[in-house]
Each structure stands twice: as structure tokens, then as C-alpha cells.
Amino acid sequence: MTTNERDAPVTQGTSRAPDPAALNPQYRPPWLAPLVDNVDQVPHAYRRRVPAELLTAVTGAGAAATTAAGRDAAVLVLFSGPESDQPSGRLPDDADLLLTVRAGTLRHHAGQAAFPGGAVDPGDAGPVATALREAQEETGIDPDRLHPLATLERMFIPPSGFHVVPVLAYSPDPGPVAVVDEAETALVARVPVRAFVNPENRLMVYRTGAGVRYAGPAFLLNQMLVWGFTGHVISAMLDVAGWSQPWNTEDIRDLDEAMALVRSSEEPR
């Protein structure tokens, strides 16, 4: 999933244990508490980075899609790390976030870094079930090792027409992950959260749509450029959790230029 903004809040359903789709915020470790306890602040932090004209355009597109053929989807935002040896809000050195890079041959968002996830199937019991199923299909992760904690507001992604619900989850040890289907996924990685926090890895990336240049937060890592919807959500979560550090928001790169930086970092030296 990739690019921009919210449409309308989605009501969190409740399920009974041992349903793997149940939300259990009590399983959050102390270092995740500020994010989980303030998850309703994420959309506000997200919107602060979205240009006003784009916010208006996307909200309008989302409203139109609601009355037309918008598709429902969910993504898994999985944090892993120690259970209790850090004080509240203090980020452990070994905390990580699960990401994928989509295959370059896909119709939508080809080659982009994304949270694992996808479209709702008729048999899915809500967005949590969708996120867990899709993550297992894409990365081979065992859903029984995961604790879904909360859902974020629905967000609309115009290029693909998806209404996406991000599902925040935690695991002290998610087990092995890998590419399951190379036709859909090029890379699966547990990325250290400190790589996103590091100001040296942050920049703004812009692209042009309808004759207007839109810029948003991005992360330049060793094997991927995280931008668009995924970059916005991660940036907002860092702000809400209190992990953000000052970074150069004046470093604004064209999308193609930023992607070339990723490719050059992969060349043998």
C-alpha cells in the first residue's frame, strides 16, 4: 500500500480470546505504551505532514470512492522487541518494524516499500483478520506469535482506490520471515526502528500530480526508500511515540532522484 490520506474513522470491533483477530492492547510492552495509548493521535500527526491542497484533493477522492467502488484493505504494522526491560516510551536498541518491498511487476505501487497487507477477502472477520492473513501470505509469519493492539483510522489511497486500516501489533519474537511469492514481494525485512529515528536517514520526497508538486516524509535506508503512505504513517508514529529527533525537512528530493540513491547504495564498492 502506498501514498496518502484518511477518509473516515473505522470503529474497532471487539473479539473474544483466543480469536487471533482480537485487539489486546494490554500486551504492549512499556516502550510501546505512548504509541498504543495515544493511537488516536496518529491521524493528526499524519495530517500535519500532508500539504493542505493534497489533503483536500484526497479527502474529496475518498468521499467519491465511498459512494463508488472503493475497496477495503488492511496492513500490519508490526513492532518487535523486548517485552519489559525498557521504561515507558524509551526505545530499545533492538526494536524493529516489519516491512516489505513490493515486486517491480505489480500493477499498483510496484517496487515500493510497504507494510504487509492487502485487500479484504469475503471470509475475513474484519481488518485485523485481513492484516494477519495477508502478512502470513506475504512473509510467512506465524499469526499466533503476534498480539494485535489497536487499529488506526481508515485511510484512502487514491492510485489504487483502497480504503486501508493499519493494524498496530506487537511480538516479542515473531519468528522467521521471508519472501513467500516473488511475483508479489521482492524483499521482506525487520528494519530497526532506530534506522527510522536516525535524522541522517530522513528526507522529504516529492512527486508531481495534476501539475502540483506534493512532498512528504521519507526514509532512505540501505535497501529501500520508504515514502508515500508508509512513510507518512511511520513519521506520524515516531512523533506520537516521542521517538522523533530533529531532522532536515529542507532536504527535498524528486522521487526518481531518491530512488536512484537506493540503487547506488546497492552497487558493489
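Our structure is the block above this text.
All of the points below concern the structure found in this document. Not measured: the values here are computed from a predicted model. (Residues numbered from 1 in each chain as written. Predicted model: local features only at pLDDT ≥ 70, side-chain atom pairs only at ≥ 80, totals over all residues. Heavy atoms only, no water.)

### Quick look at the packing of aromatic side chains
Scanning the entire structure with this criterion turns up four aromatic pairs. Judged by centre distance (6.1 Å) and plane angle (80°), the ring pair of Trp 31 and Tyr 170 falls under edge-to-face. Taken as a pair, Trp 31 in the segment before α1 (33–37) and Tyr 170 in strand β7 (residues 162–171) lie far apart in primary sequence, 139 residues in all. When the centroid spacing of 6.0 Å and the interplanar angle of 70° are considered together, the rings of Phe 79 and Trp 243 count as edge-to-face. (Phe/Tyr/Trp six-rings, centres within 6.5 Å; stacked < 30°, edge-to-face > 60°. Helix = DSSP H or I, 4+ residues; strand = E, 2+ residues; numbered from the N terminus.)

### Observations concerning helix α6 (residues 228–241)
Taking 1.5 Å of rise per residue, the 14 residues of α6 would be expected to cover 20 Å, and the 20 Å separating its terminal C-alpha atoms lies within 8% of that figure. Most of α6 is tucked away: 13 of the 14 residues are buried. Directly beyond the C-terminal end of α6, a positive phi value near 80° is found at Gly 242. (Expected span 1.5 Å × (residues − 1). Buried < 20%, exposed > 50% of the residue type's maximum accessible area, 1.4 Å probe, protein only.)

### Topic: the pairing of strand β2 (residues 96–102)
Taken across its seven residues, β2 has seven buried, putting it largely inside the fold. Of the two faces of β2, the one carrying Asp 96, Leu 98, Thr 100 and Arg 102 and the one carrying Leu 97, Leu 99 and Val 101 are both buried. Both strand β1 (residues 71–80) and β2 contribute to a ladder of two bridges, which runs antiparallel. Across the sheet, residue Ser 80 finds its bridge partner in β2, namely Asp 96. (Pairing = 2+ DSSP bridges.)

### Focus on helix α4 (residues 127–139)
Relative to the 18 Å expected for 13 residues at 1.5 Å per residue, α4 spans 18 Å between its end C-alpha atoms, a close match to the ideal helical length. Counting buried residues along α4, 10 of its 13 residues qualify, which places the element largely inside the surrounding structure. Of the residues making up α4, those classed as buried are Val 128, Ala 129, Thr 130, Ala 131, Leu 132, Arg 133, Glu 134, Ala 135, Glu 138 and Thr 139. Where α4 is buried, its residues touch β1, β2, β4 (117–119), β5 (147–151), β7 and β8 (185–192). Within two residues after α4, Gly 140 carries a phi angle of roughly 75°, on the positive side. (Contact = heavy atoms within 4.5 Å.)

### Quick notes on the pairing of β1
By the criterion of burial, β1 is predominantly enclosed, with eight of the 10 residues buried. Where β1 lies against β7, 10 bridges are found, and the strand directions are parallel. Bridging from a neighbouring strand, Ser 80 pairs with Ser 171 of β7. Summarising the sheet, β1 and β4 pair through three bridges and their orientation is antiparallel. Paired with Val 75 across the bridge in β4 is Gly 117.

### A closer look at the environment of Leu 238
Here Leu 238 lies in helix α6. With 42 residues separating them along the chain, Leu 238 and Phe 196 place their C-alpha atoms 8.3 Å apart. Ignoring anything within four residues of it in the chain, the contact list for Leu 238 reads Val 193, Phe 196, Val 197, Arg 202, Phe 219, Trp 243 and Ser 244.

### Comments concerning the environment of Ala 236
Looking at where Ala 236 falls in the secondary structure, it is placed in helix α6. For Ala 236, a relative accessible area of 0% puts it in the buried group. Taking the C-alpha atoms as reference points, Ala 236 and Pro 43, separated by 193 residues in sequence, lie 7.5 Å from one another. Not counting the four nearest positions on each side in its chain, Ala 236 is found in contact with Val 42, Ala 45 and Tyr 46.

### Here's the deal with the nonpolar core
Nonpolar side chains in soluble globular proteins tend to end up buried together. One finds Phe 79, Phe 115, Phe 196, Met 224, Ile 234 and Trp 243 to be the most contacted residues of the largest nonpolar core, which totals 48 residues. Ranked by residue count, the leading element in this core is α6, at eight residues. Those residues in contact with Phe 79 that lie beyond four places of it in its chain are Trp 31, Leu 32, Leu 35, Asp 96, Leu 97, Leu 168, Ala 169, Tyr 170, Ser 171, Val 193, Met 237 and Trp 243. Listed in part, the 14 residues of the second largest apolar core include Ala 74, Leu 76, Leu 98 and Leu 132. (Core = buried A, V, L, I, M, F, W, Y, C linked by side-chain atoms within 4.5 Å.)

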